[in-house]
Amino acid sequence: MSDSKDPQSNDPARPAAASAPDAAVEAKPVTPPEPAAAEPVKAEPPPHHAAPQPAATTAFRPSGPGSDDSPPWPQTWKLIAARFRALSDKAGRRMMQRTLKIGISARIFHPEEGAKGLRGRTLQYLEESIAQWVMSRNVLVFMIPTVNTNGLVHPSSIRLRDYAKHLDGLVLQGGADVSPQSYAQAATRPEWGGDRVRDMYELELLHEFIEAGKPVLGICRGCQLINVAFGGTLYQDIATDVPTSIKHVNDEYDRLHHAIQFPPGSSLATLFNSHGGDQNEWVVNSIHHQAVRDLGRDLTVEAISGSDNIVEAIRYRKAAFVMGLQWHPEFHRAGGPQLLDCTPILDGFLRAARETRF
């Protein structure tokens, strides 16, 4: 066809063909053109159809405590308060875990006239069983000696109130009779004169611990002393003053037993009914010839002897724990088959010591 073209005629790299077949053309290499210098690329504006960029906005900042806009002092005080609470809680836990320190009043041995050696000296001592009974609940026991601020040989500024301040509770142990002079009476027999020196020492000790808000547990003589401290009186001798009474002391010492009852509504009735059911009587040892006669002010009876109504336990109503037991709980074996297990009383005393130690 007249309009057909050579398919290679448009190839710019191909050399042009000779016009005549007999023309001799010398073939020469074709040098490619040097590339032009690259022009800098200019950023072109986005096309009209590109998505619009979001406008710059201010981030939302909540107001109130903890925000950047809130005043700095309230935040600081909140941090300080939180830190203080954490430290207080930690200190409180350490305080509650600290081993309790219980003081026990001293028995006093007065010098015997004409005696030599220790019998010619004033001795203060602790009966072993009472210390071991208290320590059985893993607490520290300290005997509290008498103090003598007028001593010529060894003067001291220590007071009994210092012991009440640093110890967590007080146990008044048994021992010699309470002197009738301590409740404004005269001894009806010389042998019932009691120990006036020890009375004065223990009455002051009792007062200091009550003033400090610390718990007190009185044993035998200690129960009688609590009654006297609040204005009560004592039977100087039960067998003489109450002829119809049962025996409360004999040569068997701690092997003499009798039954006691807890009046309805008393704290001991509540305590032991929760531990041992609805039992009406419990058995305790009996090692006393004196007992509570006229009840002191603000005191209530916690236990009585089962057959003659002799008071066997008292409690001071205006304190968290001030209680006296006429029997000796330290001579009762815990869980024994016959005698009352008194560890719940000890635990209540120590619980009060923990709660009032601050």
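The structure under discussion appears in the preceding block.
Structure report, in brief. The structure displayed is predicted, hence computed values, not measured ones.

## A closer look at the pattern of salt bridges
Then, number 1: Across all of its chains, the model carries 11 salt bridges by this definition.
Then, number 2: Among the salt bridges present, the one from D347 reaches R137, with a minimum N-O distance of 2.8 Å. Note that D347 is positioned in helix 8 (residues 343-355) and R137 in the loop between helix 2 (128-135) and strand 4 (140-144), a separation of 210 residues in sequence.
Then, number 3: The partly exposed category is assigned to R137, whose relative accessible area is 35%.
Then, number 4: Taken together, the salt bridges that share partners define one network made up of R198, D199, E202 and R221.

## Topic: the side chain of S245
Then, number 1: Note on placement: S245 falls in the loop between helix 6 (238-241) and strand 8 (257-261).
Then, number 2: For S245, the side chain forms a polar contact with the main-chain oxygen of V242, separated by 2.8 Å.
Then, number 3: Apart from the residues within four sequence positions on either side, S245 is in contact with I238, A239 and D308.

## Some remarks on the side chain of Q326
Then, number 1: Structurally, Q326 is set in the loop between strand 13 (322-325) and helix 8.
Then, number 2: By relative accessible area, which is 0% here, Q326 ends up buried.
Then, number 3: Only 3.4 Å separates the side chain of Q326 from the side chain of Q224, close enough to count as a polar contact.

## Considerations on the packing of aromatic side chains
Then, number 1: Within this structure, the stated rule accounts for 6 aromatic pairs.
Then, number 2: Seen from their ring centres, F272 and W282 are 6.2 Å apart, and the 55° between their planes marks the pair as tilted. Here F272 is found in helix 7 (residues 267-276), whereas its partner W282 is found in strand 9 (residues 282-285), with 10 residues between them in sequence.
Then, number 3: Looking at W282, the relative accessible area reads 8%, which means it is buried.
Then, number 4: Here the aromatic residues F262, F272 and W282 are joined through ring pairs into a cluster of three or more.

What counts and how
- Residues numbered from 1 in each chain as written.
- Predicted model: local features only at pLDDT ≥ 70, side-chain atom pairs only at ≥ 80, totals over all residues.
- Heavy atoms only, no water.
- Salt bridge = Lys/Arg side-chain N within 4 Å of Asp/Glu carboxyl O.
- Helix = DSSP H or I, 4+ residues; strand = E, 2+ residues; numbered from the N terminus.
- Buried < 20%, exposed > 50% of the residue type's maximum accessible area, 1.4 Å probe, protein only.
- Polar contact = N/O pair within 3.5 Å; in protein donor to acceptor, adjacent residues only side chain to side chain.
- Contact = heavy atoms within 4.5 Å.
- Phe/Tyr/Trp six-rings, centres within 6.5 Å; stacked < 30°, edge-to-face > 60°.

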